[in-house]
Amino acid sequence: MAIFAEQKKEIIKKYRIHDKDCGSSEVQIAILTERIRYLTDHLKANPKDFLTRRGLMMMVGNRSALLKYLKRHNPESYKSLVEKLGLRK
């Protein structure tokens, strides 16, 4: 139930800040968002998969904490990332 390595590399390439960046907040949030979308689709097909639901809720909480951190430390980056990912309405 994980995203594939090729998808992860594409996400890192798209959201990185500099050439050797693979762990910044922006990249972590983008990867978590992709995993959350994948698990959401999985749970639509398998509504009784409660272990996956728990993992999904933990990922959402982790992403929320990273977003709060990014908003505190770099508000411009936060706004652009939220817009790119389509997280807020």
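Conventions used here
- Residues numbered from 1 in each chain as written.
- Predicted model: local features only at pLDDT ≥ 70, side-chain atom pairs only at ≥ 80, totals over all residues.
- Heavy atoms only, no water.
- Helix = DSSP H or I, 4+ residues; strand = E, 2+ residues; numbered from the N terminus.
- Buried < 20%, exposed > 50% of the residue type's maximum accessible area, 1.4 Å probe, protein only.
- Contact = heavy atoms within 4.5 Å.
- Areas by Shrake-Rupley, 256 points an atom, 1.4 Å probe, with all protein chains shown as cover.
- Lys, Arg positive; Asp, Glu negative; His and termini not counted.
- Charge placed at Lys NZ, Arg CZ, Asp CG, Glu CD.

Focus on the overall build of the protein
- Along the backbone of the protein there are four helices and zero strands.
- Across the protein, helices and strands are ordered from the amino to the carboxyl terminus as α-α-α-α.
- Overall size of the protein, expressed as C-alpha extent along the three principal axes, is 40 × 30 × 20 Å.
- Within the protein, the fraction of its 89 residues that count as buried is 34%.
- Here the contacts in the protein between residues at least 6 apart in sequence split such that 49% fall between residues at least 24 apart.
- For the protein, the accessible area works out to roughly 6,600 Å², and carbon and sulfur atoms hold 54% of it.
- Charge centroids of the protein, computed over 20 positive and 10 negative side chains, lie 6 Å from each other.

Read these as spatial facts, not as claims about activity.
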